[in-house]
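# Survey of secondary and tertiary structure
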Amino acid sequence: MGIVKTSLLSLLAVPVLLAGCATPPPRSNQAAYEAYRQQNDPLKPANQAFYRFDNVLDAYALRPVAVGYSHVTTPAIRQHVGDFMNNMDAPAQLVEFMAAGKPRDAGTTLVRFLLNSTVGIGGIFDPAGALGYRRVYTDLGLTLAGYGVPEGPYLYLPFAGPSDLRDAAVLPAGLFLSPTAAAPPSTGLTIFNYGSDGLGVVNTRANLIGTIGNIKKSSLDPYATFRSLYRQHRAAQLKTINERDIATPPAWYPAKERNAMHPRPYGAP
């Protein structure tokens, strides 16, 4: 999907990020050095430059389109668009839950995809949710996090927004998990991909008009606020997965891998 294409374009900015490293304060300044370490944002100058670029792009292009879109649609329509986009992501998430050893969530995702793709007319409606199969979320970054892969330094990717080294590293893999990846290339498929992805971006931005606006108005440092919110959001997603499902590693896995997949208290090493 186009989200992946956008993410791939964002990865082209990695050399620029690496060239824009911040200089850490001397260890003798203990307070400043500790703050620098906790931020885990060694590429802050480049990250902030990309944030400002996206901010201008949002102010003059994306937000006006989203505002206009919100005026000609209803919350119900935007919910149906969101349901459709979520259903398009389900095959990838099914693979990711299976890779993480989360059978309950994998089963829920499969049932949701089958029901919503048929009875729900391609995912426009959510009959699975009405039957008690609530949406569960994951991605490759969270799969790696479940195996103990650390998040790494903070990254702000142009066109894609807040991220970190772990999440950015697996973005290209999403290209192969898209439900349209196996379809023969065609003009119609290309139009569908770009059209659905563009609609998804605008729909998401329309739903966040108030939230993003309030953060930018009330925060003394919106960049730092978005960085903190991203990390909190990812930690909460991982915690939810760990508390909801139980890893079931196959018996033929080596002992080290089986132990790594068994659930541990959130935040445990």
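Our subject is the structure that appears above.
Attention in this report is confined to the structure presented alongside it. (Residues numbered from 1 in each chain as written. Predicted model: local features only at pLDDT ≥ 70, side-chain atom pairs only at ≥ 80, totals over all residues. Heavy atoms only, no water.)

### Comments concerning helix H5 (residues 75–99)
With 25 residues, H5 should cover 36 Å at 1.5 Å per step; its first-to-last C-alpha distance of 35 Å lies within 8% of that length. Largest kink in H5: about 40°, centred on Ala 90, with the proline Pro 91 one to four residues after it. Taken from the residues just after H5, Gly 101 is the one with a positive phi, measuring 70°. (Helix = DSSP H or I, 4+ residues; strand = E, 2+ residues; numbered from the N terminus. Expected span 1.5 Å × (residues − 1). Bend = angle between axes of the 7 residues up to and from the residue.)

### With respect to the nonpolar core
Phe 50, Tyr 51, Tyr 154, Tyr 156, Ile 212, Ile 215, Tyr 223, Phe 226 and Tyr 230 together form the largest nonpolar core, which totals nine residues. Listing elements by their share of this core, those giving two or more residues are helix H4 (44–72), strand S1 (154–157), helix H12 (209–218) and helix H13 (222–244). With three residues, the top contributor of residues to this core is H13. Discounting residues that sit within four places of it in the chain, Phe 226 has contacts with Tyr 51, Pro 162, Ile 212, Ile 215 and Lys 216. With seven residues, the next largest nonpolar core counts Ala 66, Tyr 69, Met 85 and Ile 209 among its residues. (Core = buried A, V, L, I, M, F, W, Y, C linked by side-chain atoms within 4.5 Å. Buried < 20%, exposed > 50% of the residue type's maximum accessible area, 1.4 Å probe, protein only. Contact = heavy atoms within 4.5 Å.)

### Looking at the packing of aromatic side chains
Scanning all chains against the criterion turns up six aromatic pairs. Ring plane angle 70° and centroid distance 5.8 Å describe the contact between Tyr 51 and Tyr 223, whose orientation is recorded as edge-to-face. Here the residue Tyr 51 occupies a position in helix H4, and Tyr 223 occupies one in helix H13, the gap between them amounting to 172 residues. Neither Tyr 51 nor Tyr 223 differs from the other in exposure class; each is buried. Plain terms: the ring middles of Phe 84 and Phe 192 are 6.4 Å apart, the flat faces sit at 90° to each other, and that makes the pair edge-to-face. Pair noted here: Phe 84 is in helix H5 and Phe 192 is in helix H11 (residues 187–207), with a separation of 108 residues, a long-range link. Here Phe 192 falls in the partly exposed class, since its relative accessible area comes to 34%. Here the aromatic residues Tyr 51, Tyr 154, Tyr 156, Tyr 223 and Phe 226 are joined through ring pairs into a cluster of three or more. (Phe/Tyr/Trp six-rings, centres within 6.5 Å; stacked < 30°, edge-to-face > 60°.)

### Details of the pairing of S1
On S1, burial covers both faces: Tyr 154 and Tyr 156 on one face and Leu 155 and Leu 157 on the other are all buried. With four bridges connecting them, S1 and strand S2 (residues 161–164) associate as antiparallel partners. Its bridge partner being in S2, Leu 155 is matched across the sheet by Ser 163. Between S1 and the antiparallel strand that follows it, S2, lie three residues; Phe 159 among them carries a positive phi value of about 75°. (Pairing = 2+ DSSP bridges.)

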